[in-house]
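Breakdown of the fold
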Amino acid sequence: MDNILGRFRFFQCNRRFSVLDVKLTIICFVTRLKDIIVVRFRVVWTGACTAVEVHLLCFLEPFMGRMFRFIAVSLFACIIIPARAQTTVPPAKYPFQDPNLPREKRIDNILSLMTLDEKIECLGTNTGVPRLGIPSYGSSEGIHGVVRRSNARKNITTITTTQFPQPPGMGESWDPDLVREAGAVEGHEARFISQTKKYNEPVLMLWGPQADLARDPRWGRSEEVYGEDPFFNGTMVVSFIKGLQGDNPKYWQAASLLKHFLANSNEDNRTRSSSNFDQRLFWEYYSVPFRMGFVEGGARAVMASYNAWNGVPMAINPILKSIVVKQWDVDVLSSDGGAVRDLVTQRKLFPTQQEAVVACLKAGINQFLDHYKDETKAAVKEGQVSEAEIDALLRPKFRITIHLGLLDPPEMVPYSTIKDSPEPWNTAKDMDVSKRMALESVVLLKNANAFLPLNKTSLKSIAVIGPLANSVHWDWYGGIPPHAITPLQGIRNAAGPGVMVNYAANQVGEAAVKAARESDIAVVVVGNDPTCGPDMAQEWSKHHDGSTLPCSVPSDGREGRDRVSIDLGQQEQLVKQVYSANPKTVVILVSSFPFAINWTQANVPAILHMAHASEDEGTALADVLFGNYDPGGHLVTTWPKSLDQLPPMMDYNIRDGRTYMYFKGQPLYPFGYGLSYTTFRFSNLKTSSTHLASDGTLMVSVDVQNTGSKSGDAVPQLYVSYPKSKVVRPHEQLVGFHRVSLKPGETRTVQIPLKASYMAYWNPKLGRLDVEKSSIKLMIGSSSADMQLETAVRVE
């Protein structure tokens, strides 16, 4: 009787299998054995995949070993090498492989061929069916760059990718076109990683953008979202999605998954908390960026948040089906990591994981980031869930597969050529987008007496001081960049050999004072630590309520932990010491959040702000410091002077004093605020009509003139107020904006479209969004607190 020594199976998907590779592998096996080997060799075509099975059988007759090794090598050389010359792709074995077949018919065929185990496997993030030659589109975090950090547990090695500023920084550019370019870079790099043999990691579903709203500066994940305004965030969300998914009318470059639906803006106790607010705030505020992302941006995937809305956890909330799927045509509904378990352990809604899984399946969840496989198998066996229900959940996921072109011949899919070399993150194109995004994100908060830009021809020395001066901090949802320029390095590069750079890392101490005193100018770089230190992952495991250990610095925050303070604390003491030693001080605040830097604003002559994580952080800051680039960024949240100006953290009714729309009192910096080295004048505000149909659009135009001596970017912002509204409306509401570059003395007319639908409110009597017919006031300003022009329009 023969003794089976081993069975080996090799797969190669999406291209013809290289038989020569198999031959060499088998010869390696054969020549290492001393016994006679009988090789059974079988090639199996399965659509886009080729399976090669090799059975090695052993006879204990060592004296014939050498002879057989020779025969085996010769046999493979004769039979297998000629096979390498074949270039014809086998005909489609299954109907779903026919790109001319209607999409739903293709999916019908896929589901009919799958086993129950294969179907359950596809309810996770692995959407591939190897037996049928269907590849997985995989997944990756992706709110400001593809994330491929090393993870030994998941067998992931580091892949560097372009890293843009955190989303608040991208938002501070106020440049949707550039945000779209950044999304296109990320989508392109995801394709490259997925299709390049060197990496071969499917990452075509990118978990981003983050469509939540920064309603409170204490929220630990404010660093992940574009800002506090629903229209502004929605505009950036739409741009990022369109960049990720590409311009082809049929195929997507990558697929966007929005996070986290809905009203997820507290970290402490998030797995037990409920975000409570009315239908008007649902439709007019919290859901707006998501709706825009789906309806205008074309995204088809979303992740449900940990929290509940009005007591119903989002992972099992009926609106996932009734609104997200039925009204907004979303295909993939994902749970968040551990959210299913939380229904059992934190919310105590179900006695077992199996019952929680079943509830999620019934609610429409078709992508689990939790334990679900054994539970789903048992649920089907016990009749809690039918295989037909599983099919209904999988059908929309395969729509994503088809959108990405993964079932079609590569020559039909324009994005299939993105592979091999050169690595895109090292190309001039991607690096240019990264640098422009970094530059446009810098916000000038103060510039007393035109203190900036610095004139390096008159400088002999400059002090660079502070805990963030010589680092570029990554965040929990950022990747590893191909390069990272720190503020210290950027300043050294820009200052040149003729300027002495004195560096002091000390937060408070003699070294900082000495460096400041001995230099012509002092630059202090302060801010938050986006991960609250190096042990975030470890600290996470010590808590089981969705939160982490408290940050050692009260003003730090992150996923799992809200901020306790918005003061700079000891770092502002450092600013005071440096300023006392040298009044010619510039403060650079590199932060994910607003800070109440009241003393610094009152005393220090110049302040710049930038978000974390840009690979070009130092280069951008140095270019702005020395006047190579005029700062044109604007803030995306209201910066309060203290926590006393804010409602309680868990008050989700923004009408109680949240955001610029309802803020009470005078903030430190208003929403939309940002200065420039030059000056601008807005004039000649016009509308294309004095009347606006309730379902129509009109054009608003304004002349923008650069009245200063330097080239720079202006951002005219269009706001609306409702002086005759019969319902409670915001003080003012952003409805349009446009960033424009102007040379000294240049004037350009900026056109901003105004859609009546942007001003809709939820009418509870009609049960729908309604545009109120009344007179509205349109205002143009440089921020929400600086209205320079106004006019009236009648909505009919």
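It should be noted that the structure appears before, not after, this text.
The following paragraphs examine the structure supplied in this document. (Residues numbered from 1 in each chain as written. Predicted model: local features only at pLDDT ≥ 70, side-chain atom pairs only at ≥ 80, totals over all residues. Heavy atoms only, no water.)

1. Concerning the overall build of the protein chain
Of regular secondary structure, the protein chain possesses 22 helices and 29 strands. Across the 796 residues of the protein chain, 60% fall into the buried class. Taking the contacts inside the protein chain whose residues are at least 6 apart along the sequence as the reference set, 75% of them involve residues at least 24 apart. Accessible area for the protein chain stands at about 31,300 Å²; split by element, carbon and sulfur atoms hold 52% of it. (Helix = DSSP H or I, 4+ residues; strand = E, 2+ residues; numbered from the N terminus. Buried < 20%, exposed > 50% of the residue type's maximum accessible area, 1.4 Å probe, protein only. Contact = heavy atoms within 4.5 Å. Areas by Shrake-Rupley, 256 points an atom, 1.4 Å probe, with all protein chains shown as cover.)

2. Some points on the pairing of strand S23 (residues 733–737)
The buried fraction of S23 is high, at 5 of 5 residues. Pairing of strand S22 (residues 717–721) with S23, which is carried by 4 bridges, proceeds in the antiparallel orientation. If you follow Tyr 719 over to S23, its bridge partner there is Leu 734. (Pairing = 2+ DSSP bridges.)

3. A closer look at the sheet that holds strand S9 (residues 308–309)
Spatial ordering of the open sheet is given by S7-S9-S10, a layout of 3 strands whose pairing is mixed. Two strands in the sheet have a free side with no partner beyond their single neighbour: strand S7 (274–275) and strand S10 (312–313). The pairing of S7 with S9 spans 2 bridges and is parallel. Bridged to Ser 275 within S9 is Trp 309.

4. Things to note about the pattern of salt bridges
Following the criterion strictly, the structure yields 35 salt bridges and no others. For Arg 395, the salt bridge identified is with Glu 104, shortest N-O distance 2.8 Å. Of this pair, Arg 395 sits in helix H14 (residues 387–403) while Glu 104 sits in helix H3 (residues 103–113); the two residues are 291 residues apart in sequence, bridging distant segments of the chain. A single salt-bridge network, built from bridges that share partners, covers Arg 103, Glu 104, Asp 108, Asp 331, Arg 395 and Arg 399. (Salt bridge = Lys/Arg side-chain N within 4 Å of Asp/Glu carboxyl O.)

5. Quick look at unusual backbone geometry
Omega for the peptide link from Lys 259 to His 260 comes to -25 degrees, which places this bond in the cis form. Note on placement: His 260 falls in strand S6 (residues 255–261). Residue Pro 422 follows Ser 421 across a cis peptide bond; omega there is -5 degrees. Locating Pro 422 in the fold gives a position in the loop between H14 and helix H15 (428–441). A positive phi angle, near 60 degrees, is found at Asn 269, a position not held by glycine. Tracing the chain through its elements places Asn 269 in the loop between S6 and S7.

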